Amino acid sequence: LSALLWGGSLDASEFNLCDKESITRVAFKGIELVQPVTLLSGKRLQIEGEGSGELLFQLTPFRITSGKLSSTPGLIQYLDEAEMLPAIAREALQDLRFTTLNGDFSLREGNILAGSASIQGRSPLLNTPRPVNVNLQWESDIGKLLKLWQVGRELRESSSHNELGL
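Residues numbered from 1 in each chain as written. Predicted model: local features only at pLDDT ≥ 70, side-chain atom pairs only at ≥ 80, totals over all residues. Heavy atoms only, no water.

### Topic: the overall build of the protein chain
- Assigned secondary structure in the protein chain consists of three helices and ten strands.
- Looking at the protein chain as a whole, 30% of its 166 residues qualify as buried.
- Of the contacts made within the protein chain by residues no fewer than 6 positions apart, 47% connect residues no fewer than 24 positions apart. (Helix = DSSP H or I, 4+ residues; strand = E, 2+ residues; numbered from the N terminus. Buried < 20%, exposed > 50% of the residue type's maximum accessible area, 1.4 Å probe, protein only. Contact = heavy atoms within 4.5 Å.)

Right, dumping it as structure tokens:
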């Protein structure tokens, strides 16, 4: 099974719908990171770069047992003024030109999306020749994220219809 997604491609290994415990491998290549990052973070984070990797999942019950991501060099711009991150991390991520971005993620019981990312690069805002290394970990209820994404999409569609006079 192959498909195009977010400017890249997906290739899935064969899977057996009758075998509830079988693990399916999906490889992805050249995914534009702006798409999934916008889905998960809204407008708080902008990113440029392409990601490749794989995820292993089980159909029944649905869970992602593991996922890995690596990226081409790119740019991260953290736009959220909220103090969710320490000041030094916010400053570094406001304009981080990364050379390396690697991540791991999984979907655990209770629809909890958990992940970590290791990012290396340089930030001109820090005014230092030293490289920047950022390690992030997060957990989020994917059901709530998807509901927020759906509401946001409906609001954007409603707004564009109103602008067009529909």
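### Structural notes on the confidence of the model for the protein chain
- Overall, the predicted model of the protein chain reaches an average pLDDT of 77, with 75% of residues at or above 70.
- Within the protein chain, the lowest mean pLDDT, 61, falls on strand β1 (residues 2-5), and the highest, 89, falls on strand β9 (residues 112-122). (pLDDT = per-residue confidence, 0-100.)

### Observations regarding the nonpolar core
- Listed in full, the twelve residues of the largest apolar core are L33, I47, I76, Y78, A92, L93, L96, F98, L101, I119, V132 and V134.
- The set of elements that each furnish at least two residues to this core consists of β7 (74-78), α2 (87-93), β8 (96-108) and β10 (132-141).
- Looking at this core, the element that brings in the most residues is β8, giving three residues.
- Those residues in contact with V132 that lie beyond four places of it in its chain are A92, L96, I119, Q120, G121, R122, S123 and L126. (Core = buried A, V, L, I, M, F, W, Y, C linked by side-chain atoms within 4.5 Å.)

### Digging into the environment of E21
- Tracing the chain through its elements places E21 in the loop between β2 (8-12) and β3 (23-32).
- Expressed as a C-alpha distance, the spacing of E21 and L59, which sit 38 residues apart in the sequence, is 7.5 Å.

### A closer look at the pattern of salt bridges
- In the structure shown here, the tally under the stated rule is three salt bridges.
- The partner of E54 in a salt bridge is R25, and the shortest N-O contact between them spans 2.6 Å. Of this pair, E54 sits in strand β5 (residues 50-58) while R25 is found in strand β3, placing the two residues 29 residues apart along the sequence.
- Among the residues examined, E54 registers a relative accessible area of 26% and is labelled partly exposed.
- In this structure, the salt-bridge partner of D104 is K68, at a minimum N-O distance of 2.9 Å. (Salt bridge = Lys/Arg side-chain N within 4 Å of Asp/Glu carboxyl O.)

### A word on the environment of S66
- With respect to the helices and strands, S66 occurs in strand β6 (residues 63-71).
- For S66, a relative accessible area of 28% translates into the label partly exposed.
- A sequence separation of 49 residues divides S66 from G115, and the C-alpha atoms of the two residues are 9.6 Å apart.
- Each residue touching S66, except ones within four places of it in the same chain, is listed here: E54, L55, L56 and F105.

### Some thoughts on unusual backbone geometry
- Of note in this structure, N127 is not a glycine but carries a positive phi near 55°.
- Structurally, N127 can be placed in the loop between β9 and β10.

### Observations concerning the side chain of D95
- Along the chain, the position of D95 falls in the loop between α2 and β8.
- Not counting residues within four places of it along the chain, the set of residues in contact with D95 comprises L75, I76, Q77, R122, S123, P124 and L125.

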